[in-house]
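Chains, contacts and geometry: an overview
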Amino acid sequence: MRDGMIDGVALDIVLDDPALRLRAAGPIDAPFIRHLFEGTRTGQFAAMGLSGPILDQVIAQQFSSQTAGYAAQFPDALSLIVTRNGTAIGRLLLHCASERWHIVDIALLPADCGRGAGTKIIDALAASARQQGIAALTLTVLASNVAARRFYLRHGFVETGRAGDAHIAMRRDPA
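Not measured: the values here are computed from a predicted model.

**Considerations on the environment of Ala77**
Tracing the backbone through its elements, the reader meets Ala77 in the loop between α2 (52-73) and β4 (78-84). Between the C-alpha atom of Ala77 and that of His167, which follows or precedes it by 90 residues, the distance is 20 Å. In this view, Ala77 contacts Leu93, Leu94 and His95; residues no more than four positions away in its chain are not counted.

**A short note on the nonpolar core**
Judged by nonpolar contacts, the single largest core of 33 residues is most densely connected at Leu92, Leu94, Trp101, Ile103, Leu125, Tyr152 and Phe157. Among the elements of the structure, β3 (20-24), β4, β5 (87-96), β6 (100-108), α3 (117-131), β7 (136-142), α4 (146-154) and β9 (167-172) are those that each provide at least two residues to this core. Broken down by element, this core gets its largest block of residues, 7 residues, from α3. Grouped together as the second largest cluster of nonpolar side chains are 13 residues, Leu36, Val58, Ile59 and Phe63 included.

**Concerning the side chain of Thr83**
Structurally, Thr83 is set in strand β4. Taking relative accessible area as the criterion, Thr83 reaches 7% and is therefore assigned buried. When near neighbours in sequence (up to four residues on either side) are disregarded, Thr83 contacts Ala19, Leu20, Arg21, Arg23, Ala88 and Ile89.

Parameters and conventions
Residues numbered from 1 in each chain as written. Predicted model: local features only at pLDDT ≥ 70, side-chain atom pairs only at ≥ 80, totals over all residues. Heavy atoms only, no water. Helix = DSSP H or I, 4+ residues; strand = E, 2+ residues; numbered from the N terminus. Contact = heavy atoms within 4.5 Å. Core = buried A, V, L, I, M, F, W, Y, C linked by side-chain atoms within 4.5 Å. Buried < 20%, exposed > 50% of the residue type's maximum accessible area, 1.4 Å probe, protein only.

Dropping the structure here:
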């Protein structure tokens, strides 16, 4: 991505894989973002014994709640679509402030997890933040999401404490 602006400064996040790109999300991406949410959350709710119309209703409610919550808490966040060879495979929601960039949400389709895209996104964010003098990358992750916590720890994040009842705050200094 080379066309986003933050406080008049160009946001230049360049992934080191020519097949991967970040582009600004638009209204046409709404069905994909919903599909992505379903793909990343359905297993979680199915494991609780939910299925059929009840599962569909819970997923719809959770998606609506998450969308409204993000919009209220991070109204200026950049919504970016991750593509591989032109096909949408994920989303990055990034709130950029002068001192830190907060990764609000990062998600990849389950079939694209474990193929290096997440690492390349985190590395590109850190490089861009470093170039622009940003002091930190931050995020929160569900305390119960052990795999995500391990991923972030492997990529230079440290846990900085609790963020509410269910989340852990994490930070990476890009320098």
